[in-house]
Structure formats: structure tokens, C-alpha cells
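Listed below, chain by chain, are the residues.
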Amino acid sequence: MSETNFVTRNPRYCLQCDDGTVLVHEKRDIPNEFRGVKYHVPAVSGWHCPKCGEYEFDPGEGKRHSEALQEAGQIAAQAREIHAIRKKLGLKQAEAGKLFGGGAAAFSEYEHGKTQPHKSMVLLFKLLDRHPEMLRELEGA
Ligand SMILES: [Zn+2]
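With respect to the pattern of salt bridges
Here is step 1: Counted according to the given criterion, the structure contains 8 salt bridges.
Here is step 2: Salt-bridge contacts for Arg28 lead to Glu26; the nearest nitrogen and oxygen are separated by 2.9 Å.
Here is step 3: The salt bridge partner of Glu67 is Lys63, with a shortest N-O separation of 2.9 Å. Here the residue Glu67 and the residue Lys63 both occupy positions in helix α2 (residues 61–88), the gap between them amounting to 4 residues, near one helical turn.
Here is step 4: For Lys63, a relative accessible area of 55% corresponds to the exposed category.

Listed below in C-alpha cells is the structure:
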């Protein structure tokens, strides 16, 4: 029995819509956002409601989803940390981008989790968090 037949014979209805909308079984990339960090889980299979967008994952797919969420959470945490340290150092985003490299927009992207800074930048920022007075030495370098 093909999947199409299976789905036709065993329709599932959207519990959100609750109006007899039939769910579609398919694979799709699931876009998501966590604390401003956009991410997506590729090719998740499950039941999708074409009307309200409700998505019910197949067994096992939830794990991939939670892993992606966890990763987004780590990116979000790092983005907040960089933002907090930059503020503590009294640098504007453009100034930080000039001093640490990456250009004027780099820190805006880091702090929104759009791109991730190189590990060496993160480590340097953590050092500066503990020893902010060292910033003067960097600025003079
Ligand atoms: Zn629905």
C-alpha cells in the first residue's frame, strides 16, 4: 500500500481547527525562532495542517527538533553574553566591529544570533569580561 493510499484510508484531522480539516503527511523544513535566533530543522516528517500550520511530528522526529532547539538556545545564550560584555566594555557595535574585526555589522549579527563569532573572539571577550581594563591595551595596539 502506497503512502497516499494509507493517508486516504486513515485520514487524520486537525485538532486545532476542529472543523474536519484533513492533515497532510509530508516532510518539510520547519522554521523556528528561539529568543530571536532563527533556525530550521530540515526534512521533518509528520502531519501538517494546511489550514492553520499545526504540525505533529512523527515519532523520533521530535528528538531532532529538540536538538536543533538546544543548539539555537546555545547560540541565543552566546549572543546575549556578547551583547552584555560589549556593553560592559562601553563599546558601540561599530566600534567593536572595527576593533575585533568583522566590520560595522558584525556585532549586530552576533548579538542577534544571525552569525556566530569565531571561537577566538568569544574567548577574547570572556577574558575581557574578567579583565575589562585590558581593553585599553588592545585599543592602543
Ligand atoms: Zn489546523
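Now that the structure has been shown, the text picks up again.
A word on α2
An α-helical segment advances 3.6 residues per turn. Residues three or four places apart therefore align on the same side.
Here is step 1: Here α2 is 28 residues long and its end C-alpha atoms lie 41 Å apart, about the 40 Å a rise of 1.5 Å per residue gives.
Here is step 2: Among the residues making up α2, those that are buried are Glu61, His65, Ala68, Ala72, Gly73, Ile75, Ala76, Ala79, Ile82, Ile85 and Arg86.
Here is step 3: Turning to α2, the residues buried within the fold contact β1 (24–34), β2 (37–48), β3 (55–57), α3 (93–100), α4 (106–111) and α5 (119–130).
Here is step 4: Among the residues trailing α2, Gly90 stands out with phi positive, at a value near 70°.

So, the packing of aromatic side chains
Here is step 1: The tally for this structure, following the rule as stated, stands at 5 aromatic pairs.
Here is step 2: Taking 5.1 Å as the distance between ring centres and 75° as the angle between the ring planes, the aromatic pair formed by Phe100 and Phe125 counts as edge-to-face. Of this pair, Phe100 sits in helix α3 while Phe125 sits in helix α5; the two residues are 25 residues apart in sequence, bridging distant segments of the chain. Take Phe100 and Phe125: they sit in the same class, and that class is buried.

Some remarks on the coordination of the zinc ion
Here is step 1: The protein atoms donating to the zinc ion are Cys14 (SG), Cys17 (SG), Cys49 (SG) and Cys52 (SG), with metal-donor distances spanning 2.2 to 2.4 Å.
Here is step 2: With 4 donor atoms in place around the zinc ion and angles of 105 to 115° between them, the coordination shape is tetrahedral.
Here is step 3: In primary sequence terms, the donor set of the zinc ion follows C-x2-C-x31-C-x2-C.
Here is step 4: Residue Cys49 is classed as buried on the basis of its relative accessible area, which comes to 0%.

Considering the sheet that holds β2
The pairing of strands in a sheet happens through backbone hydrogen bonds and is either parallel or antiparallel.
Here is step 1: Judged by pairing direction, the sheet is antiparallel, and its 3 strands sit side by side in the order β1-β2-β3 without closing on themselves. Where the open sheet ends on each side, the last strands, each with one partner, are β1 and β3. Each strand of the sheet is rotated relative to its neighbour by a mean of 50°, with strand direction disregarded.
Here is step 2: Inspection of the sheet shows β2 paired to β3 by 3 bridges, in the antiparallel sense. Residue His48 lies in a different strand from β3, and its bridge partner there is Tyr55.
Here is step 3: Each of β1, β2 and β3 touches α2; the most contacted strand, β2, lies at about 170° to it.

Concerning the packing of α2 against α5
Here is step 1: Running from N to C, α2 and α5 point in directions that differ by 45°, and their axes come no closer than 10 Å. What the angle tells us is that α2 and α5 run oblique. Viewed along their axes, α2 and α5 form a crossing whose handedness is left-handed. Contacts from Gln78, Glu81, Ile82, Ile85, Arg86 and Lys88 of α2 reach α5 at Met121, Val122, Phe125, Lys126 and Asp129.

Rules used throughout
Residues numbered from 1 in each chain as written. Predicted model: local features only at pLDDT ≥ 70, side-chain atom pairs only at ≥ 80, totals over all residues. Heavy atoms only, no water. Salt bridge = Lys/Arg side-chain N within 4 Å of Asp/Glu carboxyl O. Helix = DSSP H or I, 4+ residues; strand = E, 2+ residues; numbered from the N terminus. Buried < 20%, exposed > 50% of the residue type's maximum accessible area, 1.4 Å probe, protein only. Expected span 1.5 Å × (residues − 1). Contact = heavy atoms within 4.5 Å. Phe/Tyr/Trp six-rings, centres within 6.5 Å; stacked < 30°, edge-to-face > 60°. Donors = N, O, S within 2.8 Å, 3.2 Å for Na, K, Ca; no water. Tetrahedral: all angles 85-135°; square planar, octahedral: opposite > 155°, others 65-115°. Pairing = 2+ DSSP bridges. Axes fitted to C-alpha atoms, helices over the stretch in contact; angles between N-to-C directions. Parallel < 35°, antiparallel > 145°, perpendicular 65-115°, else oblique. Left-handed = near helix turned anticlockwise from the far one by under 90°.

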